[in-house]
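The lines below spell out each chain.
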Amino acid sequence: MMHNPPFLVLTAILSSLVIQSVVAANATSGFSVELIHRDSPLSPFYNSSLTTSEILEKNALHSMDRIKDFQSLIDQKAIQSLVIPTAASYLMKLSFGTPPVEYYAIADTGSDVIWIQCAPCPQTQCYSQGSSPFDPRKSSTYQKLSCGSKPCQELDRKQCVNTNDCQYTLVYGDNSFTMGILSTDTLTFDSSTGQKAPFPTSIFGCGYNNQGNFGSPAAGIVGLGGGSLSLVSQLAAQIDNRFSYCLVPHAAQAQSSSKLIFGQEAIISQPGAVSTPLITKNPTTFYFLSLEGVSIGDKTVQPSSSQGNIIIDSGTTLTILESNFYNSLEPLVKAAIGAETVEDPRGTYSLCYGAQTDINVPEMVFHFTGATLRLQPVNTFRSIRNMQCMAIVSTSSNDPNPISIFGNYAQINFQVEYDLQKRTVSFAPTDCTKQ
């Protein structure tokens, strides 16, 4: 057996969590929300009939779908398509309007626009969400945005037909879509003390024609990417241009939850923090970093190029490396472990060992520009289908311009802080169950 058995993965900013508000402070100092794993018993998506292996397999497949979508956007082969939302399956609990009406929405780091299903919405034009769509006619603070407004100009697809209202269309990688009116209203997060953290005139899409794989109980999507219309960009002034999260191991979710923190409270205060620059590239939705190499013991492998070569994404479970880079790393891992490997019959994982094989997983050191990150077995290996498999896989060797992803499994038990003004991401080893 593995000497350091890994905890089960958090499938996903932020893939398989449900986000629920817990603490709301003065918006200038910050507030925090709880992160509840989508597949935990606390989640409205929880399916008790699924085994642990089935859950892990589903999340791994979502990772592979997500890298394909990221690649198509970067290659600009599908400029009008966004990342498949169901591959990043967080839910965020928040309220819309005045008086506030509470909904769950998918939190997606692969997109920027916030949108929710709105009434009136005929059954043939809206999917079932398990609750009534938001009715803007009942909100005293709701406003439509005009075609000439600045937010409307930020959209790739908009039109004005027989009206001056900003009519948007968003199409996702699996051909799911939403169409509606770009609008403003108050978004509100609840606190554990019963207080509210309202954000007036927040920009979102009021969707009147929404079809595809969104699924109940999600009423829409909250974009958490780096674009101008995302939640974190809209709240930039109120949250001091920063947010952080701390992801707990899956096995600990019954006792504790992960945290997503906004504002001054998001600043890492514990010792041992390291920082690396955020690289500005297109599309601006993604958070690009520069990975210069990976070490095991005294041996290091390096990618062919390092400038902005990897996306940090808590919406992807696995870490996915460019094929040539991965093919240089895997032999080092095999040599360090020194045990007989087994083949994954489904082909999801490249490096696996039998569940009963006694292995010592080595520490892997990821060298980002200016930041050395030491990953433990909990970050790099997982138990699945009577196997112990490395949670790092390869991109397709056919990709002409491959991109890597630093997934959420690698980020477990780190506090990860995004400073959007200084354009840095910082990491600090943390027992996230105690945050």
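Preceding this paragraph is the structure being described.
Residues numbered from 1 in each chain as written. Predicted model: local features only at pLDDT ≥ 70, side-chain atom pairs only at ≥ 80, totals over all residues. Heavy atoms only, no water.

Q: Report on the sheet that holds strand β23 (residues 371-375), specifying residues and quantitative values.
A: Picture the strands of a sheet paired through backbone hydrogen bonds; they go either parallel or antiparallel. Across the sheet, which stays open at both edges, the four strands sit in the order β18-β17-β22-β23 with antiparallel pairing between neighbours. With partners counted over all chains shown, the strands left at the sheet margins are β18 (299-301) and β23, one partner each. Each strand axis lies, on average, 25° off the axis of its neighbour in the sheet, ignoring direction. Pairing analysis gives four bridges linking strand β17 (residues 291-296) to strand β22 (residues 364-368), with the strands arranged antiparallel. Looking across to β22, one finds that S295 is bridged to V365. Running over the sheet, helix α4 (residues 323-337) touches β17, β18 and β22 and is turned about 20° from β17. (Pairing = 2+ DSSP bridges. Helix = DSSP H or I, 4+ residues; strand = E, 2+ residues; numbered from the N terminus. Axes fitted to C-alpha atoms, helices over the stretch in contact; angles between N-to-C directions. Contact = heavy atoms within 4.5 Å.)

Q: Describe the side chain of D185, naming the residues involved and giving the relevant values.
A: Along the chain, D185 turns up in strand β10 (residues 177-190). In this structure the side chain of D185 is engaged in a polar contact, spanning 2.7 Å, whose partner is the side chain of S139. Not counting chain neighbours up to four residues away, the residues in contact with D185 comprise G97, T98, F134, S139, T141, Y142, F199, P200, T201, S202 and F204. (Polar contact = N/O pair within 3.5 Å; in protein donor to acceptor, adjacent residues only side chain to side chain.)

Q: An account of the state of the cysteines is requested, with residue identities and associated values reported.
A: Inspection of every chain in the model, using the stated rule, returns six disulfides. Between the sulfur atoms of C246 and its disulfide mate C432 the distance is 2.0 Å. Handedness of the C246-C432 disulfide follows from its S-S torsion of about -80°: it is left-handed. In this pair, C246 sits in strand β13 (residues 242-246) while C432 sits in the segment after β29 (424-429), placing the two residues 186 residues apart along the sequence. A relative accessible area of 3% means that C246 is categorised as buried. Owing to a relative accessible area of 1%, C432 belongs among the buried residues under this scheme. Each sulfur in the disulfide pair C352 and C389 lies 2.1 Å from the other. Where C352 bonds to C389 through sulfur, the torsion about that S-S bond is close to 105°, and the disulfide is right-handed. Of this pair, C352 sits in strand β21 (residues 352-354) while C389 sits in strand β25 (residues 387-390); the two residues are 37 residues apart in sequence, bridging distant segments of the chain. A residue is classified by how much of its surface remains accessible, and C352, at 1% relative accessible area, is buried. Ordinal numbering of bonded cysteines along the chain defines a disulfide pattern of 1-8, 2-3, 4-6, 5-7, 9-12, 10-11. (Disulfide = S-S within 2.5 Å. Buried < 20%, exposed > 50% of the residue type's maximum accessible area, 1.4 Å probe, protein only.)

Q: Run through the pairing of strand β12 (residues 218-223), naming residues and quoting values.
A: With six of six residues buried, β12 lies mostly within the body of the structure. The pairing of strand β5 (residues 101-108) with β12 spans four bridges and is parallel. Pairing of A107 across the sheet is with V222, part of β12. Pairing of strand β6 (residues 115-117) with β12 involves two bridges; the strand directions are antiparallel. Paired with W115 across the two strands is I221, which belongs to β12.

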